[in-house]
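The residues making up each chain are set out below.
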Amino acid sequence: MIIGYNKGLKKTMRQVELVAQTDSTALILGETGAGKEIIARHIHMNSARANNNFIRVNCGAIPSDLIDSELFGHEKGSFTGATSLKKGWFERAHGGTLFLDEVGELSLAAQVRLLRVLQEGTLCRVGGEKEINVDVRIVAATHRNLEEAAKNGGFREDLWFRINVFPITLPSLRQRPEDIRELTEYFAQKASVKLGLPLTLPSQSQINYLMQYHWPGNVRELQVIVERAAILGQGSHLAIEESLIIKPELLSSVARSQLADVVQQESKPISLEDVIRQHITKTLIYCHGRIEGPFGAAKRLDLNPNTLRSKIHKLGITKFDDV
C-alpha cells in the first residue's frame, strides 16, 4: 500500500498491482505533480526486479544533442569532452526498471532510437560498434495526450503502440479530496524528519481548509505547502493557513458553490439580525470553524472569543462549531 493512495485511488491501485506482477511496459498518464513517479517506484518495488536499479530519467530536461549519450552511453573519445567511457541509462538500469518521465517531450529523432532499443533489446554506445544486450523494464509517464500527439505527428505512432501496453490513468488531487488528510499527515511526518522538528499534525479545520483549494500543482504542491507550514510552525503547530492563502479563483468547485449560495442569499432583503448572522457565518467559513487564535474568527471580527461564542449561540449558528 502507498501512503495517501489507499482511498481515492482504489481502481488505479488495482491496475498498478496487476501490472507490477508482470514484466510488461506501463504508461502512467496524469497531470504534472500528480504522483506519477511514486506510482512508477511502487510498480518497481513490487516486481521481480525490485532488488535491481530503478533509474528515473526526465526526458524533458535533457538537451537534444546529449540525449543519445544519456540514453545509450558513449565510448571514450567519441566526441569532444568524452574523456572516459560512460554507461547510459539503459545499461545502468540493466536487470531493473527505467522510468522515462515525460516521455512525450522526446524529440522525434530520439524516439526513433528509443524504439529500436525497445524492439531489439540491444544498443550501441555513441562512438561504439559493439552491440550490447540490455534487459530493462520500461515504465513511462506523461501529462500529454500521446494518442492525439501521434495522430498529429508530434509523437511516433509505432512508439506510442510500443509503450501503451498497459496505460494507467492517475487522477489529479482535486479529483480525490478524500486523500488529502492522509497525504498531509504523511508529508508532515516527512517534514518533521527532514527539518528535525517535533511532529505536528493538521487539525480538522485545516483539512477542511485544504479541501477547499483547487490544487493546480497536485500532490507535489501539497508536499511543498506542508513543508512550508512545518517551517513556519517550528514544531508547535502546522501553519497551514499562513503557508497557503487561497485566492477566490483557486477555490474548489464545491467551495465556490458554497460561496455563491451565501452571495445569493445576501441579495434578498433581510433583517439586521440576519445580516449579523450571515457576516459571522461567512467569517467562520473563511476561518474554517476556528474561533480563537491569530487565524480565528474572533480576531477577524475584533471580538472577544467568549463574546463571539455567545453571539453564535444566540443567533443559532451551529454549522461551523469551533474545532
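Residues numbered from 1 in each chain as written. Predicted model: local features only at pLDDT ≥ 70, side-chain atom pairs only at ≥ 80, totals over all residues. Heavy atoms only, no water.

Bringing the overall build of the protein chain into the picture now. Check the secondary structure of the protein chain and you find 15 helices and nine strands. Across the 323 residues in the protein chain, those meeting the buried criterion constitute 44%. A fraction of 70% describes how many contacts in the protein chain between residues 6 or more apart in sequence connect residues 24 or more apart. Approximately 16,900 Å² of the protein chain is accessible, and the part contributed by carbon and sulfur atoms is 51%. (Helix = DSSP H or I, 4+ residues; strand = E, 2+ residues; numbered from the N terminus. Buried < 20%, exposed > 50% of the residue type's maximum accessible area, 1.4 Å probe, protein only. Contact = heavy atoms within 4.5 Å. Areas by Shrake-Rupley, 256 points an atom, 1.4 Å probe, with all protein chains shown as cover.)

Turning next to helix α8 (residues 180-195). Residue pairs three or four apart in sequence face the same way in an α-helix, which turns once every 3.6 residues. An ideal rise of 1.5 Å per residue puts 22 Å on 16 residues; α8 measures up with 22 Å between its terminal C-alpha atoms. Residues of α8 that are buried sit in contact with α9 (204-211) and α10 (218-233). Backbone geometry just downstream of α8 places G196 in the positive-phi region, at approximately 70°. (Expected span 1.5 Å × (residues − 1).)

Here we come to the sheet that holds strand β9 (residues 166-169). The strand order across the open sheet formed by five strands is β2-β5-β8-β1-β9, and the pairing between neighbours is parallel. Unpaired on one side and paired on the other, β2 (54-58) and β9 mark the two borders of the sheet. The sheet shows a mean angle of 20° between the axes of neighbouring strands, taken without regard to direction. Pairing of β2 with strand β5 (residues 97-101) involves five bridges; the strand directions are parallel. The partner of R56 across the bridge, within β5, is F99. The sheet contacts of helix α2 (residues 36-45) involve β1 (26-29), β2, β5, β8 (137-142) and β9, and relative to β1 the element is tilted by about 155°. (Pairing = 2+ DSSP bridges. Axes fitted to C-alpha atoms, helices over the stretch in contact; angles between N-to-C directions.)

A few words on the packing of aromatic side chains. All chains considered together, the criterion is met by four aromatic pairs. Ring centres 5.5 Å apart and planes at 40° place the aromatic pair Y186 and F187 in the tilted group. (Phe/Tyr/Trp six-rings, centres within 6.5 Å; stacked < 30°, edge-to-face > 60°.)

Oppositely charged side chains can form a pair if their charged atoms are brought close together. Enumeration according to the criterion identifies 17 salt bridges in this entry. A salt bridge links D23 to R49; the nearest nitrogen and oxygen atoms lie 2.7 Å apart. Taken together, the residues span a long stretch of sequence, with D23 in the loop between α1 (10-20) and β1 and R49 in the loop between α2 and β2 at a distance of 26 residues. Accessibility expressed as a relative area gives 48% for D23, which makes it partly exposed. Residue classification places R49 among the buried residues on the basis of a relative accessible area of 7%. Linking E37 and R56 is a salt bridge whose minimum nitrogen-to-oxygen distance equals 3.0 Å. (Salt bridge = Lys/Arg side-chain N within 4 Å of Asp/Glu carboxyl O.)

Moving on, we come to the environment of L195. With respect to the helices and strands, L195 occurs in helix α8. Taking the C-alpha atoms as reference points, L195 and E227, 32 residues apart in sequence, are found 8.7 Å from one another. Not counting the four nearest positions on each side in its chain, L195 is found in contact with E227, A230 and I231.

Non-glycine residue Q234 carries a positive phi angle of around 50°. Looking at the element boundaries, Q234 is found in the loop between α10 and α11 (240-243).

With that settled, the discussion passes to empty space enclosed by the protein. Taken as a whole and judged by the stated rule, the model has one cavity of 30 Å³ or more. The computed volume of the largest cavity comes to approximately 50 Å³. Around the largest cavity, the lining residues are A188, A191, S192, L197, P198, L199, T200, A230, G235 and L238. Per-element tally for the lining of the largest cavity: the top contributor is α8, with three residues. Across the lining of the largest cavity, the residue classes break down as seven nonpolar, three polar and no charged. (1 Å grid on protein atoms, 1.4 Å probe; cavity = no way out; pocket = protein on both sides within 12 Å on 5 of 7 lines; lining within 4 Å. Points joined across faces, edges and corners; volume = space filled by probe spheres on them. Nonpolar A, V, L, I, M, F, W, Y, C, P; charged D, E, K, R; others polar.)

On to the packing of α8 against α9. Two numbers describe how α8 lies on α9: the axes approach to 10 Å, and their chain directions differ by 115°. With respect to α9, the axis of α8 lies roughly perpendicular. Here α8 and α9 pass one another in a crossing that is right-handed. Seen from α8, the contacting residues are I180, R181 and T184; seen from α9, they are Q204, I207, L210 and M211. Of the residues contributing to the contact of α8 with α9, the split by class is four nonpolar, two polar and one charged. (Parallel < 35°, antiparallel > 145°, perpendicular 65-115°, else oblique. Left-handed = near helix turned anticlockwise from the far one by under 90°.)

Okay, the environment of L159 next. One can find L159 in helix α7 (residues 157-163). Since its relative accessible area comes to 0%, L159 is described here as buried. Distance from L159 to L114, taken between C-alpha atoms, is 8.2 Å for residues 45 residues apart in sequence. Leave out the neighbours within four places in its chain, and L159 touches Q111, L114, L115 and L118.

Taken together, the buried positions of α2 are occupied by K36, I39, A40, H42, I43 and H44. Residues of α2 that are buried sit in contact with α1, β1, β2, β5, β8 and β9.

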